[in-house]
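Each chain, written out:
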Amino acid sequence: MNMSCREVLIHDRRTIKSYWEQIIERHCQIAENEDARMKNSALSKLRGEWITKLESRTKHLKSFNEDLLKKKSVAQMTSSVG
């Protein structure tokens, strides 16, 4: 009887190990598929394009404001001199 308990424990241990190995394998496959899907997604390309557009817009607005401030300071200097 003692021998059959060991066989049952070994069988259960193998079954449990096999079960968890299958779960881990499925999880790894799902993670790999998700990574591949994200790499092939157009979303990252669109985000990059939007970032470029926003950076360009910010740069343009900054230079516009700097030019405006220069014109104001030149106008104030000429009005105070004249």
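Above this text sits the structure in question.
Scoring rules and cut-offs
- Residues numbered from 1 in each chain as written.
- Predicted model: local features only at pLDDT ≥ 70, side-chain atom pairs only at ≥ 80, totals over all residues.
- Heavy atoms only, no water.
- Helix = DSSP H or I, 4+ residues; strand = E, 2+ residues; numbered from the N terminus.
- Buried < 20%, exposed > 50% of the residue type's maximum accessible area, 1.4 Å probe, protein only.
- Areas by Shrake-Rupley, 256 points an atom, 1.4 Å probe, with all protein chains shown as cover.
- Phe/Tyr/Trp six-rings, centres within 6.5 Å; stacked < 30°, edge-to-face > 60°.
- Lys NZ or Arg CZ within 6 Å of the ring centre and 35° of its normal.
- Salt bridge = Lys/Arg side-chain N within 4 Å of Asp/Glu carboxyl O.

### A word on the overall build of the chain
Reasoning step 1: When helices and strands are counted, the chain shows two helices and zero strands.
Reasoning step 2: Looking at the chain as a whole, 0% of its 82 residues qualify as buried.
Reasoning step 3: By element, 61% of the accessible surface of the chain is carried by carbon and sulfur atoms, the whole surface being about 8,300 Å².

### Here's the deal with the packing of aromatic side chains
Reasoning step 1: Going through the model one piece at a time under the given rule, you end up with one aromatic pair.
Reasoning step 2: Residues tyrosine 19 and tryptophan 20 carry aromatic rings whose centres are separated by 5.2 Å and whose planes lie at 75° to one another, so their mutual orientation is edge-to-face.
Reasoning step 3: Take tyrosine 19: its relative accessible area is 44%, and that puts it in the partly exposed class.
Reasoning step 4: Residue tryptophan 20 is classed as partly exposed on the basis of its relative accessible area, which comes to 47%.
Reasoning step 5: The cationic tip of lysine 53 hangs over the ring face of tryptophan 50; the distance from NZ or CZ to the ring centre is 5.4 Å.

### Quick notes on the pattern of salt bridges
Note on pairing: side chains with opposite charge can pair once their charged atoms come close.
Reasoning step 1: For the coordinates displayed, the defined rule picks out two salt bridges.
Reasoning step 2: Where glutamate 21 meets lysine 17, a salt bridge forms, and the shortest distance between an N and an O atom there is 4.0 Å. Note that glutamate 21 and lysine 17 are positioned in helix H1 (residues 2–40) at a spacing of four residues, about one turn of the helix.
Reasoning step 3: One salt bridge in this structure joins arginine 37 and glutamate 34, with 2.6 Å as the shortest N-O distance. Taken together, the residues span about one helical turn, with arginine 37 and glutamate 34 both in helix H1 at a distance of three residues.
Reasoning step 4: Accessibility expressed as a relative area gives 48% for arginine 37, which makes it partly exposed.

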